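Each chain, written out:
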Amino acid sequence: MTAPTHLSSVAGPVMALATSRSWTHTIEADATRIVVRGGCIETDGNVWTVTVNGLAMTQVGQSVEDEGGSQYLASIWYRDSPPTGSQTVQVSCTNSNSAGQFGSSTYKDCGSFGTPVTDNGTTGTTSSVVVGSDTNSIVLDAFVNESSAPTGNQTARLTATSDFGYRGQGQDAAGASPNVTMTWSGFDGGTGFAHIGVSMAGTGGGSSIAALMSYMNRQRRR
């Protein structure tokens, strides 16, 4: 087994009460997966769509803190065998009352996702999720909070700019057995937050079936 390898990350622009935001990510030839993650505050009932080069991405999971009419949302999305080269990543929603930020990361040697673990609330200054994993995996998270900038305990992949005081964030950690703890701390107590973490398994490497199928799919699109 080969653990997934992070290739690159790009932070998208803040939502700024818009219904759509896009950015460019140059996807590597050996990338087998692109992940989009981040968070925002939004109106209840908002419907999200995430695409890369117009191709729909699948949601891995989300964490929601409902404030009654509005909610904090942290979510993770992915697409396997992404198109390579300079590509447009777009995050869209059905309601313009959204503030926060999302970003994208590419990886190679990616297998299946584990079961997402979530945390949310309106009290305290620290959020942790304990995610089951092993040494042939990596762990990803997404987090959103209001007001002060939090500090993560792992490798930052999305360090957000304040959007009306709301920040979407994301980090990675090398997998370990039996689990890895993903923590954000130092944010203001008494404001909402949402947090999600998930493990991503590896594959058998470049000679694996998954890697071969990824290569064949990219060739068909050329």
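Keep in mind that what you see is a predicted model, and the values were worked out from it rather than measured. (Residues numbered from 1 in each chain as written. Predicted model: local features only at pLDDT ≥ 70, side-chain atom pairs only at ≥ 80, totals over all residues. Heavy atoms only, no water.)

S.K.: What should I look at first to understand the pairing of strand β12 (residues 137-146) in this one?
M.R.: Along any regular strand the residues' side chains alternate between the sheet's two faces. Taken across its ten residues, β12 has nine buried, putting it largely inside the fold. Where β12 and strand β17 (residues 193-201) come together, nine bridges link them in antiparallel fashion. Within β17, the position partnered with I138 by the bridge is M200. Taken together, the nine bridges between β12 and strand β15 (residues 166-174) define a ladder with antiparallel strand orientation. Bridging from a neighbouring strand, A142 pairs with G170 of β15. (Buried < 20%, exposed > 50% of the residue type's maximum accessible area, 1.4 Å probe, protein only. Helix = DSSP H or I, 4+ residues; strand = E, 2+ residues; numbered from the N terminus. Pairing = 2+ DSSP bridges.)

S.K.: In this structure, what is going on with the pairing of strand β3 (residues 33-43)? I would like to understand it.
M.R.: The buried fraction of β3 amounts to ten of the eleven residues, a majority that puts the element mostly inside the structure. Summarising the sheet, β3 and strand β7 (residues 70-80) pair through eleven bridges and their orientation is antiparallel. Bridging across to β7, I34 finds its partner in R79. Bridging between β3 and strand β9 (residues 99-108) involves nine bridges; their strand directions are antiparallel. Bridge pairing in β9 links C40 to G100.

S.K.: Quick question: what am I supposed to make of the nonpolar core here?
M.R.: Here is a general trend for soluble globular proteins: nonpolar side chains tend to be buried in one another's company. Y72, A74, I76, Y107, L140 and M200 are the most contacted members of the largest nonpolar core, which has 19 residues in total. Residue assignment for this core shows that the elements contributing at least two residues are β3, β7, β9, β12 and β17. Sequence-distant contacts of Y107, defined by excluding residues within four places in its chain, comprise T5, H6, L7, A31, T32, R33, V35, R37, I138, L140, D172 and M200. (Core = buried A, V, L, I, M, F, W, Y, C linked by side-chain atoms within 4.5 Å. Contact = heavy atoms within 4.5 Å.)

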